[in-house]
Amino acid sequence: MTKTRIAVAGAGIIGRAHIDVLRHSPTCALSAIVDPSPAAQVLAEQMGVPLFASLAELIAADRPDAVVLATPNALHVPQALACLDAGLPVLVEKPIAPTVAEAETLVRCAEASGIPVLIGHHRAHSPIMAKAREVIASGQLGRLVGVMGSAAFYKPDQYFAEGPWRCEPGGGPILINLIHEVHNLRMLCGEIAAVQAFSSNAVRGFAVEDTVVINLRFASGALGTFFLSDTAACARSWEQTSQENKAYPSHEDEDCYILTGTNGSLSVPTMRLKTYPRPEDRSWWKPFDVGTVGMVRDDPLKHQMAHFARVVRGEEAPLVSARDGLNNLRVTEAIVEAAARGCAVALA
């Protein structure tokens, strides 16, 4: 089988993660790296692939089958449009764009062109998420009542020194981190109809938030709360609990989501399940049946890249489309607006 040749634009943290996945993929091959930085030259030499300073140079000299865009948020739309103009399928790292208006432009162009665009909400490819969705769909929890979630962690100073754009509007945890959680929440609980929020930059003092608390109302009537902070020394985040990214230490006793329904609750990612055995036992005076849902832990970036290759070959449609990415961004913009205005913002 001829491997699908994929170029990666952006040799930062996530770009290197994609490059590592491609290096070990049985169906894909890294064809080139696109990045003007000196560090990228060293990486390209290590990987044994050519380096280009721009997408235009790549397309002119060594056209791949597809491109992964792991560049700063502000570059996502112009670079994705350049790929579409060249007829190249593209995997755009989240968020799809810095603003809804820019994302709408990309969605219109992508849908008009018919060229596949996959948005890098890689947790959509997580076996843990798949199992959690299966439990909810099975009815074991009863009617979904709500969700309590968190993404609390401490980003070191080096993270901001290496990417000064992360200290500016558009580079904070709402767009970089919460947008992952928004997609997870939509997968687990359905569409988000309204949000309320408070945000703070009191700890770091950057021009962008470092801590946010959010209330959510889902179209189903379920409610949710979410705590987000990149300056909280805490282990209740997906990276520190899921064991999917080995770069992070793992805390097996922690969860970052608790989904609760009229018949029980599921904690994710420990997958601890508490349910009442019979409808007539549903009372806080009665004990739960307690267990753990069996599931497999595996790297979702690996599954995402394998899926992207099938999308490029025309075998599958994108699991997370450009329009999905737009809908996630609408929620994050609503959260920013709600925090700024001090009121609820409706999305539907």
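Summary of the structure given here.

Rules behind the numbers
- Numbering of residues starts from 1 in every chain and runs along the sequence as written.
- Residue-level local features of this predicted model are given only where pLDDT is at least 70; pairs of side-chain atoms are given and counted only at 80 or more, and the full residue set underlies all totals for whole chains, interfaces and linings.
- The side-chain figures draw on all heavy atoms in the structure; neither hydrogens nor water molecules are used.
- Think of it this way: DSSP has to see at least two bridges between two strands before they count as a pair.
- Strands here mean DSSP runs of E at least two residues long; helices mean DSSP runs of H or I at least four residues long; both are numbered from the N terminus.
- We place a 1 Å grid over just the protein atoms. Points where a 1.4 Å probe fits but has no way out form a cavity, open points with protein on both sides within 12 Å along at least 5 of 7 lines form a pocket, and any residue with an atom within 4 Å of a point lines it.
- Grid points are joined across faces, edges and corners, and a volume is the space filled by probe spheres set on the points.
- Gly is placed with the polar residues, together with every amino acid not listed as nonpolar (Ala, Val, Leu, Ile, Met, Phe, Trp, Tyr, Cys and Pro) or charged (Asp, Glu, Lys and Arg).
- One axis fitted to the seven residues ending at a residue, another fitted to the seven starting there: the angle between these axes is the bend at that residue.
- For the exposure calls, accessible area comes from a 1.4 Å probe over protein chains only, and a residue counts as buried if that area is under 20% of its type's maximum, exposed if over 50%, partly exposed in between.
- Definition used in this section: a nonpolar core is a set of buried Ala, Val, Leu, Ile, Met, Phe, Trp, Tyr and Cys residues joined via side-chain atoms within 4.5 Å.
- By definition, residues are in contact when any of their heavy atoms lie within 4.5 Å.
- Handedness is read with the strands pointing away from the viewer; a crossover is right-handed when the path from the first strand over the helix to the second is clockwise.
- Note on geometry: axes are lines fitted to C-alpha atoms, helical ones only across the stretch in contact, with angles between N-to-C directions running from 0 to 180 degrees.
- Crossing chirality is assigned from the near helix's rotation relative to the far helix, an anticlockwise turn below a right angle marking it left-handed and a clockwise turn marking it right-handed.
- Each patch is built from salt-bridge-free residues with over 30% relative accessible area, joining like charges within 9 Å and nonpolar side chains (Val, Leu, Ile, Met, Phe, Trp, Tyr) within 5 Å.
- In short, Shrake-Rupley with a 1.4 Å probe defines the accessible areas, and a residue's cover is counted only from the protein chains shown.
- The salt bridge criterion pairs a side-chain nitrogen of Lys or Arg with a carboxyl oxygen of Asp or Glu, the two atoms within 4 Å.
- Multiply 1.5 Å by the residue count of a helix minus one, and that product is the helix's expected span.
- Polar contacts, as used here, are pairs of N or O atoms within 3.5 Å; protein pairs need one atom able to donate a hydrogen and one able to accept it. Residues neighboring in sequence count only if both atoms are side-chain atoms.
- Two rings from Phe, Tyr or Trp (for Trp, the six-membered ring) form a pair when their centres are within 6.5 Å of each other. A pair whose planes differ by under 30 degrees is stacked, one over 60 is edge-to-face, and the rest are tilted.
- Here, a charge over a ring is recorded when the distance from Lys NZ or Arg CZ to the ring centre is within 6 Å and its angle to the ring normal is within 35 degrees.

A few points about the sheet that holds strand β13 (residues 272–275)
Then comes step 1: Overall, mixed pairing links the nine strands, which are arranged β14-β13-β12-β11-β7-β10-β9-β8-β15 in an open sheet. Each edge of the open sheet carries a strand with a single partner, namely β14 (289–292) and β15 (345–346).
Then comes step 2: In this structure, strand β12 (residues 264–268) lies alongside β13, joined through four bridges in antiparallel fashion. Each residue of the ladder has a partner; that of Gly264, found in β13, is Thr275.

Some remarks on empty space enclosed by the protein
Then comes step 1: A complete count under the given rule lists one cavity of 30 Å³ or more for this structure.
Then comes step 2: Here the largest cavity is characterised by a volume of approximately 50 Å³.
Then comes step 3: Every element with two or more residues in the lining of the largest cavity is listed here: α7 (157–162) and α8 (173–189).
Then comes step 4: Considered class by class, the residues forming the lining of the largest cavity number six nonpolar, two polar and six charged.

Here's the deal with α8
Then comes step 1: Of all the bends in α8, the largest measures some 40° and sits at Ile179.
Then comes step 2: Of all 17 residues that make up α8, 17 are buried, and the element is covered over most of its length.
Then comes step 3: Where α8 ends, the next residue or the one after it, Gly190, has phi of about 95°, a positive value.

Thoughts on the nonpolar core
Then comes step 1: Ile96, Val195, Phe226, Leu259, Leu266, Val268 and Ile335 are the most contacted members of the largest nonpolar core, which has 95 residues in total.
Then comes step 2: At nine residues, the largest contribution of residues to this core is made by α8.
Then comes step 3: Residues contacting Phe226, with those up to four places away along its chain left out, are Gly149, Ser150, Ala151, Leu178, Glu181, Leu185, Val212, Val213, Ile214, Leu216 and Tyr257.

Examining the pairing of strand β2 (residues 28–34)
Then comes step 1: Across the seven residues that make up β2, a large majority, six, are buried.
Then comes step 2: In the classification by handedness, the crossover that spans strand β1 (residues 4–9), the intervening helix α1 (residues 13–24) and the parallel β2 is right-handed.
Then comes step 3: Here two bridges tie β2 to strand β3 (residues 51–52), and the two strands are oriented parallel to one another. By the bridge assignment, Val34 is partnered in β3 with Phe52.
Then comes step 4: As for the winding sense of the linkage, the β-α-β connection from β2 through helix α2 (residues 38–47) to β3 is right-handed.

Some thoughts on the packing of α8 against helix α11 (residues 322–341)
Then comes step 1: Running from N to C, α8 and α11 cross one another at 115°; their axes reach a closest spacing of 9 Å. Read as a crossing pair, α8 and α11 show a hand that is right-handed. On the side of α8, the interface is formed by Ile174, Leu175, Leu178, Ile179, Val182, His183 and Arg186, while α11 contributes Asp324, Asn327, Asn328, Leu329, Val331, Thr332, Ile335 and Val336.
Then comes step 2: Of the residues contributing to the contact of α8 with α11, the split by class is nine nonpolar, four polar and two charged.

Notes on a nonpolar patch on the surface
Then comes step 1: On the surface, a cluster of nonpolar side chains totalling about 300 Å² of accessible area is made up of Phe198, Val213 and Phe227.
Then comes step 2: Relative accessible area serves as the criterion here: at 36%, Val213 is assigned to the partly exposed category.

Describing the sheet that holds strand β5 (residues 90–93)
Then comes step 1: Strands sit in the order β3-β2-β1-β4-β5-β6 across an open sheet of six strands; the sheet is parallel. Both edges of this open sheet fall to β3 and β6 (117–120), since each of them pairs with a single strand only.

Thoughts on helix α10 (residues 300–312)
Then comes step 1: In a regular helix each residue adds 1.5 Å, so 13 residues correspond to 18 Å; α10 covers 18 Å between its end C-alpha atoms and thus fits that length.
Then comes step 2: Within the span of α10, buried status applies to Pro300, Leu301, Gln304, Met305, His307, Phe308, Ala309 and Val311.
Then comes step 3: Buried positions along α10 lie against β1, α1, β2, β4 (66–69), β5 and β6.
Then comes step 4: N-capping of α10 is provided by Asp299, with a side-chain oxygen placed 3.0 Å from the backbone N of Leu301.
Then comes step 5: Just past α10, the residue Gly314 takes up positive phi, approximately 80°.

Considerations on the layout of surface pockets
Then comes step 1: Taken as a whole, the second largest pocket encloses approximately 270 Å³ of empty space.
Then comes step 2: For the second largest pocket, the lining is made up of 15 residues, of which Gly170, Ile174, Val208, Glu209 and Val336 are closest to its centre.
Then comes step 3: Counting only elements with at least two residues in the lining of the second largest pocket, the list comes to α8 and α11.
Then comes step 4: With five residues, α11 is the single largest residue contributor to the lining of the second largest pocket.
Then comes step 5: For the lining of the second largest pocket, the per-class residue count stands at eight nonpolar, five polar and two charged.

A few points about the packing of aromatic side chains
Then comes step 1: Scanning the model with the defined rule gives six aromatic pairs in all.
Then comes step 2: Taken together, a centroid distance of 6.1 Å and an interplanar angle of 50° make the contact between Trp238 and Tyr257 tilted. With Trp238 in helix α9 (residues 238–241) and Tyr257 in strand β11 (residues 257–261), this residue pair connects regions lying 19 residues apart in the sequence. As far as the burial class goes, Trp238 and Tyr257 line up, both buried.
Then comes step 3: Chaining the aromatic ring pairs together yields one cluster made of Tyr159, Phe160 and Phe206.
Then comes step 4: In this structure, Arg166 packs its charged tip against the face of Tyr159, placed 4.0 Å from the ring centre.
Then comes step 5: Over the face of the ring belonging to Tyr154 we find Arg204, whose NZ or CZ atom lies 5.0 Å from the ring centre.

Shape is all these values report; function is a separate question.
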